[in-house]
Amino acid sequence: MIRQIFAIVKKEMHILFRRKSNWFFLIGLPLGLTLVIGFVFGSMFPGEEAAIHIDLGIINHDTSVSPVPEIESVSETLIDEMNRTEVFTPVYLFTNISEALQELKRGQLDAVMVIHQNFTWNIVMVKQANMTIYVDSSTDPQRYQVVRSVLNTFTADLTREITQGRVDVVNPYISMLSVENQTFVIESMWAMSEPVGVEIIDTAAAKFRYVEWMLPGILGLEAIFGGLAFSGSAIAYERERGHLQRMMVSPTSSWAILVGEMLWALIRVSFAFMIVISVNIVAFNVYNINWAPHLTIPIIILTTLSASGLGLIISVVSKTLETANGLTNMLTLILQFLIGSYIPTHMLGPLEPVAKYLPWSIANETLRRVMLGYGYYANIFPLLAYLAISTFAFLAIGAYLYKVTNKRYV
Amino acid sequence: MSFSFGDHEVVDHVSFSVDKGKCFGLLGPNGAGKTTLTKLIVGLLQPKEGRVFINGMDVHREPKKIKPLIGVCFQESVFYQTLTGRENLEFIAVLYNIPRRKVKDAVSSSLNRVLLDEKDATKRVEHYSGGMKRRLAVAAALLNNPPLLILDEPTTGLDPQARRGLWDAIEGLKEEGRSILLTTHYMDEADFLSDMVAIIDHGKLIAMDTPEALKDSIGESVIELKCDLVREEFVENARKTLLVSNAVPIEGGCKVLTKEPDEVLPKIVELGIKYEVGITNVQISSPTLEDVFIRLTGKALR
């Protein structure tokens, strides 16, 4: 019995090494997934060595002069200090609040800090100085949480520093008191102190829940899964089962066969979209979405077609259906982490430069801008053009390879 | 016409013509190049050398005109398993641009010709027997009512009864006046159905004539021995026996070709006793196409 068991293992090993498509699952998939997940989650939870970077715009209305000659402008010092940290370097200085808020809305800035008038005077004169911080939760809820958390920590540290400074200034006077009274006065000062009043304002027109932020990503994901998987196997399946041969001897044009297969991929994906949207509305009560069909439908069609184009390339270059399926499975498993569906591309660490130029990352971003209502035609159309060009490129390469290879395997 | 896969010459300067309304049998063992030849004829492959003409038109230059004239039955039964026989045929009818209003009739007519009834046609192909699938494949080739039918090994894998049924169907198609190009490795099939037979081996055409003329060309009789054990030494010595032109092992015995069967038979039986092959049956017969193949190639069909 042992002999038979080992014979079966040996047979499977031979099959494994002789079918190259199996290598994807043996080597490619664990390697690819480990690298991608490592990069993705390594960047999300970076530990001590990696720094979070926040693009901060600052508008400094403080023109006051310190009454104490030894103390320079506190707001200027604050900006200099922020510029020295890895978190905020470089800060972007604005003079116009509406211009800064527009950049925030477009996702170019993570936050806008307004330092109010008399900031320096108030700090030095032991009064409350004020600042307002604008953030926008609609562009990227995850990023928004990180930015808020960092800014809260920053303002808490700032408050503690200034309070400590004030305590140091009055300390000589306090030392004249009895020891018991000294402790009482210092503790009371700490308790009462709020040297900087910070107001954080979320400028999002509508508050989005994570499930709403995710919906465009899921649609993008569905376009990839559907387009890539259906087209990836379609031609390979028809060829392997001999159906392509049957079609090629008929008067039907080979292009009609190709377009028919692609159209079916599009129909299947559209059906999947309807299910995704319906479930989100019924089960998750997603309503706060700008559907804008004149934009979302072309984006979705282009996304599906670009994935179908890649699928077509895989389908025609793979000699067997098994190879085609292996390749599409591996690609979909890896791409799902790279296209910003679950995790924004800017959190992908070393993979970000690759991820952000993938047409499906662009598609996700475009869909989000439209569906979450923070997109303008000016910042949607360049992305749409990029998506259209890459879709055309994938389809053109796929069609060329189809033409070249469709006689090779019949 | 010639064609090669890399350095391997699969079709080597083969030339023949199929007369209108006749059945032309392309006979050869598995791997002889028959299927490649049919792919060249229907335009799926481009010949390295030579051209194919159908009704005076070059297949590779005028595919749009040629394709509607050909019906092809592939070696493998190529159907969508989860569709019914009728659904498969309706799909193929659309591929052949058969007008929508005529599809139903075209499908019914094709099914009738291969003796598949409407009840069979409504079953999913995955539930068909091997014989039914082959019939459906021939029906698919008939959908566009083509003057030329190309049947690639139409009865491979069928039991004798199913084969016979399909032969009858093909006979019916011949009677309709269609030209048929039939590839097969069954000698009896080629003999029964073909008006002309071309024998092909290793991509080369080695003989071409009517089945009768090919058999007559041997001018020898065949001694067929059934043995318990086919020993190589026995076959070798039988081949060297005086007046024997060739001897080859076949399944469960040996075939000996000779012009003098009465003189040769006792010597062969003697050899059988010497080599203890256990002869169980002896038959002297006229040559078949298989014997022609043995005579020409020195070996039995692979």
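Residues numbered from 1 in each chain as written. Chains lettered and ligands numbered in written order. Predicted model: local features only at pLDDT ≥ 70, side-chain atom pairs only at ≥ 80, totals over all residues.

**Some words on the confidence of the model for chain B**
- Here chain B averages 89 in pLDDT, while 99% of its residues score no lower than 70.
- Our summary of model confidence lists the complex with pTM equal to 0.71 and ipTM equal to 0.79. (pLDDT = per-residue confidence, 0-100.)

**Side note on the domain arrangement of chain A**
- The domains assigned to chain A are domain 1 (56-202) and domain 2 (209-405).
- Inter-centroid distance (C-alpha atoms) of domain 1 of chain A to domain 2 of chain A is 46 Å. (Domains from an automatic or database assignment.)

**Some remarks on helix α11 (residues 293-317) of chain A**
- Counted at 1.5 Å a residue, the expected span for α11(A) with its 25 residues is 36 Å, and the 35 Å between its end C-alpha atoms agrees.
- The element α11(A) is largely enclosed, with a buried count of 18 among its 25 residues. (Helix = DSSP H or I, 4+ residues; strand = E, 2+ residues; numbered from the N terminus. Expected span 1.5 Å × (residues − 1). Buried ≥ 20, exposed ≤ 12 C-beta atoms within 10 Å, placed from the backbone.)

**With respect to the packing of helix α8 (residues 210-240) of chain A against helix α12 (residues 321-338) of chain A**
All names here are of chain A.
- Closest axis-to-axis distance for the α8/α12 pair is 9 Å, and the angle between their directions is 170°. With respect to their mutual orientation, α8 and α12 come out roughly antiparallel. Two secondary-structure elements touch here, α8 through L221, I224, F225, L228, A229, G232, S233, A236, Y237 and E240 and α12 through L321, A324, N325, L327, T328, L331, T332, L335 and Q336.
- The residue makeup of the contact of α8 with α12, split by class, is twelve nonpolar, six polar and one charged. (Axes fitted to C-alpha atoms, helices over the stretch in contact; angles between N-to-C directions. Parallel < 35°, antiparallel > 145°, perpendicular 65-115°, else oblique. Contact = placed C-beta atoms within 7 Å. Nonpolar A, V, L, I, M, F, W, Y, C, P; charged D, E, K, R; others polar.)

**What about the interface of chain B and chain A?**
- In this complex, chain B contributes 14 residues to the contact, which on the side of chain A involves 13 residues.
- Residues of the side of chain B that touches chain A, tallied by class, amount to ten nonpolar, one polar and three charged.

**Quick look at unusual backbone geometry**
Residues and elements named next belong to chain B.
- Residue L115 is not a glycine yet carries a positive backbone phi of 60°.
- On the secondary structure map, L115 appears in the loop between α4 (100-113) and α5 (118-121).
- In this structure L115 comes out as partly exposed when scored by C-beta crowding, with 15 C-beta atoms within 10 Å.
- Even without being glycine, H202 reaches a positive phi, approximately 50°.
- Secondary-structure assignment places H202 in the loop between β9 (196-201) and β10 (204-209).

**A word on the pairing of strand β14 (residues 279-285) of chain B**
Residue and element names in this part refer to chain B.
- Of all seven residues making up β14, only zero are buried, and the element is barely covered by its neighbours.
- In the sheet, strand β11 (residues 221-227) pairs with β14 via six bridges, with the strands oriented antiparallel. Pairing of I223 across the sheet is with I284, part of β14. (Pairing = 2+ DSSP bridges.)

**Re the nonpolar core**
- Ranked by internal contacts, the top residues of the largest apolar core, which has 146 residues, are B:L143 and B:I150.
- For this core, the element with the highest residue contribution is α8(A), accounting for twelve residues.
- The contact partners of B:L143, leaving out residues within four places of it in the chain, are B:L89, B:I92, B:A93, B:Y96, B:I98, B:A106, B:V107 and B:S110.
- One finds A:V74, A:L104, A:V124 and A:I162 within the second-largest nonpolar core, a separate group that totals 30 residues. (Core = buried A, V, L, I, M, F, W, Y, C linked by C-beta atoms within 7 Å.)

**Thoughts on the sheet that holds strand β1 (residues 56-60) of chain A**
Residues and elements named next belong to chain A.
- Taken together, five strands build an open sheet; the order of strands is β2-β1-β3-β4-β5 and the sheet is mixed. If you trace the sheet from one side to the other, it starts and ends with β2 (92-94) and β5 (196-202), each paired once. The average undirected angle you get between the axes of adjacent strands in this sheet is 25°.
- Alignment of β1 against strand β3 (residues 111-115), held across five bridges, turns out to be parallel. Bridge pairing in β3 links L56 to A111.
- Across the sheet, helix α4 (residues 97-105) touches β1, β2, β3 and β4 (129-135), and the angle it forms with β1 is around 170°.

**Some words on the sheet that holds strand β7 (residues 148-152) of chain B**
Residues and elements named next belong to chain B.
- Spatial strand order, β6-β7-β8-β3-β9-β10: six strands in an open sheet with mixed pairing. The two strands at the open ends of the sheet, each matched to only one other strand, are β6 (70-73) and β10. The sheet shows a mean angle of 15° between the axes of neighbouring strands, taken without regard to direction.
- Across five bridges, the pairing between β9 and β10 is antiparallel. From the neighbouring strand, V197 faces β10, where its bridge partner is D209.
- This element, helix α1 (residues 34-42), spans β3 (23-27), β6, β7, β8 (179-184) and β9 of the sheet and lies at about 150° to β7.
- Contacting β6 and β7, helix α6 (residues 130-142) runs over the sheet at an angle of about 165° to β6.

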